[in-house]
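Here's the letter readout for the chains.
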Amino acid sequence: MSDSGKRPVSRRGFLKLSGLATAVAVPMFLPGRILGLNGTTAPSARINLGAIGIQSRGFEDLRVFVGREDVQFRAICDIQKKQREKIKKFADEQYGNTDCAMYKDMEDLLVRDDIDAVLIATGDRWHTMASITAARFGKDVYCEKPLSLTIEESRALANAVNRYGIVYQAGTQRRNIGNFMLAAKIAQSGKLGKLTEVHANTLWPATTQNWLPAETQPGIEECDWDRWLGACPWRPYNPAYVAGAWRGHYDFHGGGILEWGSHTVDLCQWAAQKDDTAPVRYEPQFSEDGSSITGVIHAYYADGLKLVMRESGWLGLGTCSARYVGEEGWVETGDSGRMAVSSDALRGELKYFGMPGTSPVTHIAEFVDCVKTRRNPAANANVAAQSHIASHCAYIAWQLGRPVEFDPVAEEFKNDADANRMRKRPLRAPYTL
């Protein structure tokens, strides 16, 4: 592959391009499904999908992909044998065959010429590196969030996606959920007046440096622990990590601001039309007597717009809520699909959307369409990187317990060596970005 970002037309791609020219010579007795007739999708037009690291949320995504006629799921990669076998069993039952291949190492899946795209749903520690690796192999990527653990990773991922010219969709699916789309449209329409504040529903920021107790490490085929750790610092094996209890551990997780902020800060940046930047100042908030830090962060964009990241004070409209406040009113919405506004004058704008904000159906549909058309998705790597960078900056300010100032162009903190050191994390050899 050249560094220009343009991929050569593969054998499979050539067949797609030449299919129209040869169709007139196809014998008339071929079944309609082979030609894509009667509402079916011809096999040559299907997107061949692989998956890397599939458990709970990833399995929900995979169900949606497999349920689409224009997608064919071909292979699963997972460091756990039981997960590989579980996903293969699911796929084979869905398709009525035994074709789903299993791999322990993602490179063995990615090297396959017949894989067009991959679903990446590993833990957060692998999202950036797996996505960059897939991009180098020329595969389009749908990756669950958060997409990165650091500012450095966020930028490295966006750069790789741009360099190799792949289609990338971050799993921040609320950009394709009706109530969130409408709330952003109201904020952008001017009906709230000039925007003064945007509010993102986040979680308690803290993570722990503690280790779980060491337990007997399984064989590499059962669970490749070294590969599970990837670029993270080594620690003894404990099965709880692999089962999902890695969340909240600093080495594997970006904290509660990032956990939901990768969705909700992203929604605020979208509604405020700030997809190409990030706030320039971040201020952690303290209790009234100043004795303890709270989970609230106030951030400010260069034009004075205020971004508030907070856990509480929401109207009960569902998880991952967002509120947009203007000089003439506000709108709030969440995962329930319901919306609230500040006045009767705005009530006529509202609709109820039955699809919960957790559903990936419409988001995956957009990704599939973009793979076909080469259009840039709503949650592409550039916009996702910016909202993640904002979330990382907020967590850095919270950990330091003081305000920090950030240059979103240089992606550096101003005159702050401590904060600048926290833009990246050491990577365990031999891993590099």
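Residues numbered from 1 in each chain as written. Predicted model: local features only at pLDDT ≥ 70, side-chain atom pairs only at ≥ 80, totals over all residues. Heavy atoms only, no water.

Honestly, the packing of helix α8 (residues 178-189) against helix α11 (residues 255-271) in this entry has me stumped. Any pointers?
In the contact formed by α8 and α11, the axes pass within 9 Å of each other and the chain directions differ by 40°. The segment α8 lies against α11, with Phe180, Met181, Ala184, Ala187 and Gln188 engaging Leu267, Trp270 and Ala271. Looking at side-chain class alone, the contact of α8 with α11 contains seven nonpolar, one polar and no charged residues. (Axes fitted to C-alpha atoms, helices over the stretch in contact; angles between N-to-C directions. Helix = DSSP H or I, 4+ residues; strand = E, 2+ residues; numbered from the N terminus. Contact = heavy atoms within 4.5 Å. Nonpolar A, V, L, I, M, F, W, Y, C, P; charged D, E, K, R; others polar.)

Mind showing me how you'd approach the environment of Ser387 here?
Here Ser387 shows up in helix α14 (residues 381-400). Classification of Ser387 by relative accessible area gives buried; the value is 1%. Sequence separation between Ser387 and Pro279 is 108 residues; the distance between their C-alpha atoms is 9.7 Å. Every residue in contact with Ser387, bar those within four places of it in the chain, is listed here: Ser262, Val265, Asp266 and Gln269. Within polar-contact distance, the side chain of Ser387 engages the side chain of Asp266 at 3.2 Å. (Buried < 20%, exposed > 50% of the residue type's maximum accessible area, 1.4 Å probe, protein only. Polar contact = N/O pair within 3.5 Å; in protein donor to acceptor, adjacent residues only side chain to side chain.)

Explain the sheet that holds strand β5 (residues 140-143) here, please?
Taken together, six strands build an open sheet; the order of strands is β3-β2-β1-β4-β5-β6 and the sheet is parallel. The sheet is open, and its two edges are formed by β3 (101-103) and β6 (168-170), each paired on a single side. On average, each strand axis in the sheet is tilted by 20° relative to the strand beside it, whichever way the strands run. Note that strand β4 (residues 117-120) and β5 share four bridges and pair parallel. Bridging from a neighbouring strand, Ile120 pairs with Cys143 of β5. (Pairing = 2+ DSSP bridges.)

Just checking my understanding: could you explain the pattern of salt bridges for this structure?
If the charged atoms of two oppositely charged side chains come close together, the side chains can form a pair. Using the criterion set out here, one finds 34 salt bridges in the structure. With a shortest N-O distance of 2.8 Å, Glu349 and Lys191 are connected by a salt bridge. Within this pair, whereas Glu349 is found in the loop between α12 (344-347) and α13 (361-373), its partner Lys191 is found in the loop between α8 and β7 (195-201), the two being separated by 158 residues in sequence. Judged by its relative accessible area of 26%, Glu349 is partly exposed. For the salt bridge of Arg347 with Asp344, the shortest nitrogen-to-oxygen distance reads 3.1 Å. Note that Arg347 and Asp344 are positioned in helix α12 at a spacing of three residues, about one turn of the helix. Owing to a relative accessible area of 44%, Arg347 belongs among the partly exposed residues under this scheme. Several salt bridges converge on common partners, so that one network encompasses Lys104, Asp105, Glu107, Asp224 and Arg227. (Salt bridge = Lys/Arg side-chain N within 4 Å of Asp/Glu carboxyl O.)

Just checking my understanding: could you explain the side chain of His392 for this structure?
Among the secondary structure elements, His392 is positioned in helix α14. In this view, His392 contacts Ser148, Leu149, Thr150, Ile151, Ser154 and Leu258; residues no more than four positions away in its chain are not counted.

Please explain the nonpolar core as it appears in this structure.
Looking at soluble globular proteins, one finds that nonpolar side chains tend to be buried together. Counting 45 residues, the largest nonpolar core has Tyr282, Leu307, Met309 and Tyr324 as its most contacted members. The greatest single-element share of this core, amounting to eight residues, is contributed by α14. The next biggest cluster of nonpolar side chains, apart from the first, holds 35 residues, and it includes Ala130, Ala134, Ala160 and Ile166. (Core = buried A, V, L, I, M, F, W, Y, C linked by side-chain atoms within 4.5 Å.)

Just checking my understanding: could you explain the confidence of the model for the protein chain for this structure?
On average, the protein chain scores 92 in pLDDT, and the residues at 70 or more come to 90%. A low-confidence stretch, residues 1-36 (pLDDT under 50), is modelled with 42 contacts involving residues beyond four sequence positions or located in other chains. (pLDDT = per-residue confidence, 0-100.)

How do you make sense of the packing of aromatic side chains when you look at a structure like this?
One pass over the structure, following the stated rule, counts 15 aromatic pairs. Each ring, one from Trp204 and one from Trp398, has its centre 5.4 Å from the other, and the planes form 85°; the classification is edge-to-face. Placement of Trp204 in the loop between β7 and α9 (225-229) and of Trp398 in helix α14 is noted, with a sequence separation of 194 residues between them. Look at Trp398 and you get buried, because its relative accessible area is 12%. With a centroid separation of 5.0 Å and 80° between ring planes, the pair formed by Trp228 and Phe252 is classed as edge-to-face. Remark: Phe252 occurs in the loop between α10 (239-245) and α11 and Trp228 occurs in helix α9; sequence separation between them is 24 residues. What makes Phe252 buried here is its relative accessible area of 0%. Through a chain of ring-to-ring contacts, the aromatic side chains of Trp225, Trp228, Tyr237, Tyr241 and Phe252 assemble into a single cluster. In this structure, Arg323 packs its charged tip against the face of Trp330, placed 3.8 Å from the ring centre. (Phe/Tyr/Trp six-rings, centres within 6.5 Å; stacked < 30°, edge-to-face > 60°. Lys NZ or Arg CZ within 6 Å of the ring centre and 35° of its normal.)

Before we go on, may I ask you to explain the side chain of Ser359 in this structure?
Structurally, Ser359 is set in the loop between α12 and α13. At 3.3 Å, the side chain of Ser359 and the backbone nitrogen of Val361 are in polar contact. Beyond its immediate chain neighbours, meaning those up to four positions away, Ser359 contacts Arg57, Gln173 and Ile177.

Could you clarify how one ought to interpret unusual backbone geometry in this entry?
Among all residues except glycine, the phi angle is most often negative; among peptide bonds, the trans geometry is most common. Here the bond from Lys145 into Pro146 is cis, since omega is -10°, no more than 30 degrees from zero. Within the secondary structure, Pro146 is located in the loop between β5 and α7 (151-164). Cis rather than trans, the peptide bond between Ala429 and Pro430 has omega equal to 10°. For Pro430, the position within the fold is in the segment after α15 (417-421).

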